[in-house]
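Now for the letters of each chain:
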Amino acid sequence: MTRLFSILFAFLFFCNPCISGQEDLLTGLYFSSHEVVQDQRTSLNLSPEKAFRFGGNTALEFDINFRENDGYYGYIFRAIADDETNIDFVSNLASETSNFWLVCKDQTLLSYQWADIPSIGYDRWVRVRIDFDIRNSSIRFSMNGKEQEVSAPWLSSLKTFRLVFGACKLKSFRSTDVCPMSVKNIGLYKEERLYRQWELSRHSRNQVYDKVAQARAEAENPIWLIDQYIKWRKLKDIHVGHLLGIAADTAVSRLFFVNDQTVCWLDVNTLETDSVRKTKGVPYNDTMGKSLVYNPYTDELWSYDFSNPNISRFDFRTSGWSHDRPEMIESGFAHHNKFISPVDSSLVTILGYGYYTYKSIVSHYNTTASQWEQTDRSDQIPPRYLSSAGHLNAYEALVFGGYGSKSGRQELAPGSYYDLYIFDLRTFAFSHLWTLPPQEKPFVPSETLVVNKPEDCFYTLIHRNDSYDSYLQLAQYGIHEPSVVFPGDSIPFKFRDTETWVYLYLNERKSDLIAVVSHNDDIALYAIAYPPLTMEDVLQTPPAAFSAWHIAALALAVLLVLAFVVSGKKKKVFPEGFRLQNGRKSMLNITPLPYIKRKETSAIYLLGEFQVFDKQGKDVSASFSPTLKHLFLFVLLNSADKHKGVSSARLDETLWHDKIGDSARNNRNVNISKLRTLLDETGSIGISNENALWKISIGKTVYCDYFGILDILSASQTEPLAPAELYRLLSLLNSGEFLHTVHAGWAEPYKSAFHGEIAGLLNRLLRSPSMRNNTDICYHIAEYLLSADPLNEDAIRVKCSILNRMGKRSIAKTTYDEFTKEYEKLLGAPYPLTFAEIIR
């Protein structure tokens, strides 16, 4: 009967399907509601730049998920038509009458009760669709297929609308009441044609782009649900005095914590704890060996000593241990790996360390004979401890890495192993699969690993074993090929050999990987959604900017092609004033800015898109998480020019203002350690602490465009810049906006200072008599200044004058008209100079 039960348990345990792909990922935008103050509530503006236009039939569709206990009343969305008419979808989940209303101005158009909507419930996705039928002046509204229609005679007069979910910051329509909800899969349709789709899955920090036209939406205080797959979240801290061991019942996600008087357990799904004092017996007093395991076949905790043939079993029915002799000798198998074998429900342990010796021993506890049977497998696997192991199937396990030596002796060339073996639970034999080359930064894995068979990979937590202050990084390795990916962020970790212990398992009920980290008597639990993702999987790359200049150039190119076709001439003829420069046509006789090819080895770019290339020429920008990028940039900017560095206190205040004390310090240390690793891969650049200040030093082999511009600015203070240097400066500035993708408050003073220095230099150059005859440079300077400040009067005078002198009076007049229109719009007064005065 026991044998049959064992086979049944093994079948259920190892054949239970789990999430293996990414098609079922939890995605969407979580809206912070009444559980936080107004300034921290979430807003999603789908039309930050320009309003949408109503068509013959315009439809909005999205999925929404409601939650309990975070308040009930709030806006789901506000559509602001023609900047004066509000069309609102409002909720009050606690109301006993209606729960949802569609409102126009102060009139309720239609409403729903909770009970009216099929299959609705908290934490369930509900499909919502609203059709604005302009032709028939009606609105159709549907929630989970329950449809209503209402006449809207005023609808045909509306031309445009802006659309905001959650908190609304639009002028005259501000609101901070937010429905406690999550939203995903927002689609806009015109005449049944999908023309915008925001999945709210991949995203930038505060922006997200639709799949159809790459239209940008802006989010304030966003909580992206997909980030659960890249961020470890702390579940609980636990303290157990004189902790002797930790064991896991992974089938139902229970954790057990044992000392000599008490057995405590934690339900990881609910985070509820309970405990019982033992009624008799004791576990073995083994704080170093962590010799405790849960046996699912007998529903017992087993405490064991390799030098004692008796296992002390804890019976949950009697709350007693079967063994009453607490004595034991020091364990000779610290940091071993253990299994309850599905083959015969017996205890099997492998590897370990003790008495200055690494082990390759397999220890099998024969329950029938009540004795240990040991087999030395040093001919199959080098002696080691600190390895990672986990079930591959009912008869085999994977064993990865560890630390040891070929001889087993601690004093003879010990080191880390980066190899993978299959361990047969029937024969106790090891079979080698692959070995990674030696790693620049040595590491060891957690005691356990989690296998993802559909993806032919496994997960383990790795950490440095040569330093105390470290961090745990999730690593994903291929089973049949030595590929490696590093999903998610990291967990702060202080490594102290036998005083620390790390356990990883899959909580299938919640689809989370659970990390159990202990340091002496303190235990911390962390979770990350499964399957974990990399930053590249989650972060959305902003589309390349397509400016009005590009549109004009494209339109011009089309006109030229049409002119060629109509003329029927074989010879290419360009209108008067065009000439070829660098293989391109130019309307003006202006020397184009030289193209500066980006260096793609050991290079850092802060203008335009943030980019970092390592020593091999690989673009490693995606390896910089938002926090790492901000840390890198903040220290770098405080290391440049006259800055001497930044203190730890200022770093914590700027980047971890929501954390205090040890929490802030741990986050800082972990991220600095990760940043140091990334910089080492880039080249001669490093972060160090000198005189209590953090500083980044860049060697000659690493290129940074920002530092290149600072060098030019510095040189301009002592002597006039040569034309070649001016062209280089303008070309660098033309590559993009400084810190374009950094939208943090701390960055604004640096942006302002940078633009102020650039504008100061270029304005001085425009006014310099020595520059008046250098038309090309003056024109490019004016173009840049107007792009940075559209109301720069010196720049508009220079640009219009140059255009007029070149015979392009109509272009100059159009440029002037656009400037004066913008001037009056922003300043509320007409521009005082006429066109004739401008070009004089």
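This text goes with the structure placed above it.
Residues numbered from 1 in each chain as written. Predicted model: local features only at pLDDT ≥ 70, side-chain atom pairs only at ≥ 80, totals over all residues. Heavy atoms only, no water.

(A) Representation of the overall build of the protein chain in the model. Summing up its helical and strand segments, the protein chain has 13 helices and 51 strands in all. Of all 840 residues assigned to the protein chain, the portion counted as buried reaches 52%. Considering only contacts in the protein chain between residues 6 or more positions apart, those separated by 24 or more positions represent 57%. Element-wise, carbon and sulfur atoms account for 50% of the exposed surface of the protein chain, whose accessible area totals about 39,500 Å². When the 89 positive and 97 negative side-chain charges of the protein chain are each reduced to one mean point, those points stand 8 Å apart. (Helix = DSSP H or I, 4+ residues; strand = E, 2+ residues; numbered from the N terminus. Buried < 20%, exposed > 50% of the residue type's maximum accessible area, 1.4 Å probe, protein only. Contact = heavy atoms within 4.5 Å. Areas by Shrake-Rupley, 256 points an atom, 1.4 Å probe, with all protein chains shown as cover. Lys, Arg positive; Asp, Glu negative; His and termini not counted. Charge placed at Lys NZ, Arg CZ, Asp CG, Glu CD.)

(B) Representation of the packing of helix 9 (residues 748-767) against helix 10 (residues 775-788) in the model. Put simply, helix 9 and helix 10 touch, their axes get as near as 10 Å, and they point 145° apart. Between helix 9 and helix 10 lies a crossing of left-handed hand. Where helix 9 approaches helix 10, its residues H755, I758, A759, L762, N763, L765 and L766 are matched on the opposing element by C778, I781, Y784 and L785. Considering only residue class, the contact of helix 9 with helix 10 consists of nine nonpolar, two polar and no charged. (Axes fitted to C-alpha atoms, helices over the stretch in contact; angles between N-to-C directions. Left-handed = near helix turned anticlockwise from the far one by under 90°. Nonpolar A, V, L, I, M, F, W, Y, C, P; charged D, E, K, R; others polar.)

(C) Inspection of the pairing of strand 21 (residues 262-267) at higher detail. Sheet analysis places strand 20 (residues 254-258) next to strand 21, joined by five bridges and oriented antiparallel. When the sheet's bridge partners are listed, V258 is paired in strand 21 with V263. The hairpin turn running from strand 20 into strand 21, its antiparallel successor, is three residues long. By the bridge criterion, six bridges tie strand 21 to strand 22 (residues 272-277) in an arrangement that is antiparallel. (Pairing = 2+ DSSP bridges.)

(D) Just the sheet that holds strand 47 (residues 603-605), in detail. Judged by pairing direction, the sheet is mixed, and its three strands sit side by side in the order 48-47-51 without closing on themselves. Both outer strands of the open sheet, strand 48 (611-613) and strand 51 (703-704), are each paired with one neighbouring strand and no more.

(E) Just the side chain of H336, in detail. Tracing the chain through its elements places H336 in the loop between strand 26 (320-321) and strand 27 (337-340). Residue H336 is classed as buried on the basis of its relative accessible area of 1%.

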